[in-house]
Amino acid sequence: MRIIMLGPPGAGKGTQAEALTKKLDIPAISTGDMLRDAVSRETAIGLKAKSFMDAGQLVPDDIIIGIVSERLSNPDCANGYILDGVPRTLVQAEALDQQAVAIDVVLSIEISDEEILERLGGRRACPNCNAIFHITSKPPKEEGICDECGTELIIRQDDNPETIKNRLDTYHKETKPLKEYYESKGLLKTVDNVPGVEETTAAVFKVLGI
Ligand code: AMP
């Protein structure tokens, strides 16, 4: 199964992609995680991407298209994958269409801006394995420590109020139009975010028929 996850920043795309990975045994590919990794390793791509990310703006399409097409050529993608956070622009979506393998379903997580603003303030991330927690809705077993690998959790640099606002504006302007794009191809399915991670996961599985 080849799945695209759509939705604003903080909608829970990463968390639901994680659940889908476990259920379907296919990799979740997060361009945000790949870019953060490149930034922390100070690679050429990381150095180019950092200022856009810190400002809550999109990284240029050519960089994204390059890292995604390289990643999708890995053997672990042969049986499918979940794209989390890509495509985010029409140019990226069209580039993806030109890849040999067709997307099966595009899943959009529906959530209001108000909820996003409240939610991102409480988000905590693992800088080592990229697991995502939330201080109230998905707290780690031990406060401030990643359940998966024991690393100390951090607040992402772009989860500050000013950057969150920019990221939301960018979502509405650049990414939301992709819903129409995929709807016209008959690929779009939507899931309303509901309280509780497991409840939303159940809704995701249901809409995908898995
Ligand atoms: P995310 O973790 O998906 O919220 O991504 C964090 C940041 O990485 C975004 O705010 C963008 O600056 C950048 N980014 C991630 N994915 C993309 C993409 N597909 N296109 C452009 N920029 C991206």
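Structure shown above.
Presented here is an overview of the structure given in this document. (Residues numbered from 1 in each chain as written. Predicted model: local features only at pLDDT ≥ 70, side-chain atom pairs only at ≥ 80, totals over all residues. Heavy atoms only, no water.)

1. Quick look at the pattern of salt bridges
Thought 1: Evaluation of the coordinates by the stated rule reveals 14 salt bridges.
Thought 2: Between Arg-71 and Asp-76 there is a salt bridge, and its shortest N-O distance comes to 2.8 Å.
Thought 3: For Asp-76, a relative accessible area of 39% translates into the label partly exposed.
Thought 4: For the salt bridge of Asp-97 with Lys-185, the shortest nitrogen-to-oxygen distance reads 3.4 Å. With Asp-97 in helix 5 (residues 90-97) and Lys-185 in the loop between helix 8 (177-183) and strand 7 (188-192), the pair connects residues that are 88 residues apart, well separated along the chain.
Thought 5: Owing to a relative accessible area of 41%, Lys-185 belongs among the partly exposed residues under this scheme. (Salt bridge = Lys/Arg side-chain N within 4 Å of Asp/Glu carboxyl O. Buried < 20%, exposed > 50% of the residue type's maximum accessible area, 1.4 Å probe, protein only. Helix = DSSP H or I, 4+ residues; strand = E, 2+ residues; numbered from the N terminus.)

2. A closer look at the pairing of strand 3 (residues 81-84)
Thought 1: Of the two faces of strand 3, the one lined by Tyr-81 and Leu-83 and the one lined by Ile-82 and Asp-84 are each fully buried.
Thought 2: Taken together, the four bridges between strand 1 (residues 2-6) and strand 3 define a ladder with parallel strand orientation. Paired with Ile-3 across the two strands is Ile-82, which belongs to strand 3.
Thought 3: As paired elements, strand 2 (residues 28-30) and strand 3 share three bridges and run parallel to each other. Bridged to Ser-30 within strand 3 is Asp-84. (Pairing = 2+ DSSP bridges.)

3. Some remarks on the nonpolar core
Thought 1: Among the nonpolar cores identified, the biggest contains 25 residues, and Ile-4, Leu-72, Leu-83, Ile-103, Val-106 and Tyr-182 are the most heavily contacted of them.
Thought 2: For this core, the secondary-structure elements that each account for two or more residues are strand 1, helix 3 (44-54), helix 4 (61-72), strand 3, helix 5 and helix 8.
Thought 3: Ranked by residues supplied to this core, first place goes to helix 4 with five residues.
Thought 4: In contact with Ile-4, not counting residues within four places along its chain, are Leu-83, Val-86, Pro-87, Leu-96, Ile-103, Val-105, Val-106, Leu-107 and Tyr-182.
Thought 5: Core analysis: the second largest hydrophobic core is formed by 20 residues, Met-5, Ala-11, Val-105 and Phe-205 among them. (Core = buried A, V, L, I, M, F, W, Y, C linked by side-chain atoms within 4.5 Å. Contact = heavy atoms within 4.5 Å.)

4. Let's talk about the packing of helix 2 (residues 31-40) against helix 4
Thought 1: It is at 11 Å that the axes of helix 2 and helix 4 come closest, and there the two elements cross at 105 degrees. Considered as vectors, helix 2 and helix 4 are oriented roughly perpendicular to each other. When helix 2 is examined against helix 4, the residues Thr-31, Met-34 and Leu-35 are found in contact with a partner set consisting of Ile-64, Ile-67, Val-68 and Arg-71.
Thought 2: In terms of residue class, the contact of helix 2 with helix 4 is built from five nonpolar, one polar and one charged. (Axes fitted to C-alpha atoms, helices over the stretch in contact; angles between N-to-C directions. Parallel < 35°, antiparallel > 145°, perpendicular 65-115°, else oblique. Nonpolar A, V, L, I, M, F, W, Y, C, P; charged D, E, K, R; others polar.)

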